[in-house]
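Coordinates in review
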Amino acid sequence: ESWLDEVASLDSDEREAFERDVRPVKMVLVKIRRLAFKIVHSTTKVLPAWHAIVKEKMLPPRLIPRDVKTCWNSTYDMLSVALKYRAAVNALCATRE
């Protein structure tokens, strides 16, 4: 069996609707990827703030796993942890604004 590209078989209106519907999901993934990267790589500001917020929210200490292209399950792991730590993510983003 070969791969079938469903998007290629859509007409231009269907493709536009598909892109419009998928765009919010892509934007959320980009934001969570950037947040996970910044938490790990900002050892002087964001990482200590993350640890303080996680402790304040009484969550077990944990970082958001990074999404890796070559690891097929990493996107799921990243999203799963981001959802479990949603209160901490929201608090960290609120303090940065």
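Note: the structure precedes this text.
These lines cover the structure that appears in this document, whether it is placed above or below.

Quick notes on the rules
Residues numbered from 1 in each chain as written. Predicted model: local features only at pLDDT ≥ 70, side-chain atom pairs only at ≥ 80, totals over all residues. Heavy atoms only, no water. Core = buried A, V, L, I, M, F, W, Y, C linked by side-chain atoms within 4.5 Å. Buried < 20%, exposed > 50% of the residue type's maximum accessible area, 1.4 Å probe, protein only. Helix = DSSP H or I, 4+ residues; strand = E, 2+ residues; numbered from the N terminus. Contact = heavy atoms within 4.5 Å. Patch = residues over 30% accessible without salt bridge, like charges linked within 9 Å, V, L, I, M, F, W, Y side chains within 5 Å. Areas by Shrake-Rupley, 256 points an atom, 1.4 Å probe, with all protein chains shown as cover. Salt bridge = Lys/Arg side-chain N within 4 Å of Asp/Glu carboxyl O. Lys, Arg positive; Asp, Glu negative; His and termini not counted. Charge placed at Lys NZ, Arg CZ, Asp CG, Glu CD. Polar contact = N/O pair within 3.5 Å; in protein donor to acceptor, adjacent residues only side chain to side chain.

On to the nonpolar core, then. With 19 residues, the main nonpolar core has Leu35, Ile39, Trp50, Ile64, Tyr85, Ala88 and Leu92 as its most contacted residues. Counting residues per element, the ones that place at least two in this core are helix H1 (12-41), helix H2 (46-56), helix H3 (74-84) and helix H4 (86-96). Not counting the four nearest positions on each side in its chain, tyrosine 85 is found in contact with Trp50, Val54, Leu59, Pro60, Pro61 and Arg62.

Moving on, we get to a negative patch on the surface. Together, Asp11, Asp13, Glu14 and Glu16 make up a region of like negative charge exposed at the surface. By the element assignment, glutamate 14 lies in helix H1. In this structure glutamate 14 comes out as partly exposed when scored by relative accessible area, which is 42%.

To continue, consider the side chain of aspartate 67. Positionally, aspartate 67 belongs in the loop between H2 and H3. A polar side-chain atom of aspartate 67 sits 2.6 Å from a polar atom in the side chain of arginine 33. Among the polar contacts made by the side chain of aspartate 67, one reaches the side chain of serine 74 at a distance of 2.9 Å. Once residues within four sequence positions are removed from consideration, aspartate 67 is found in contact with Arg33, Ser74, Thr75 and Met78.

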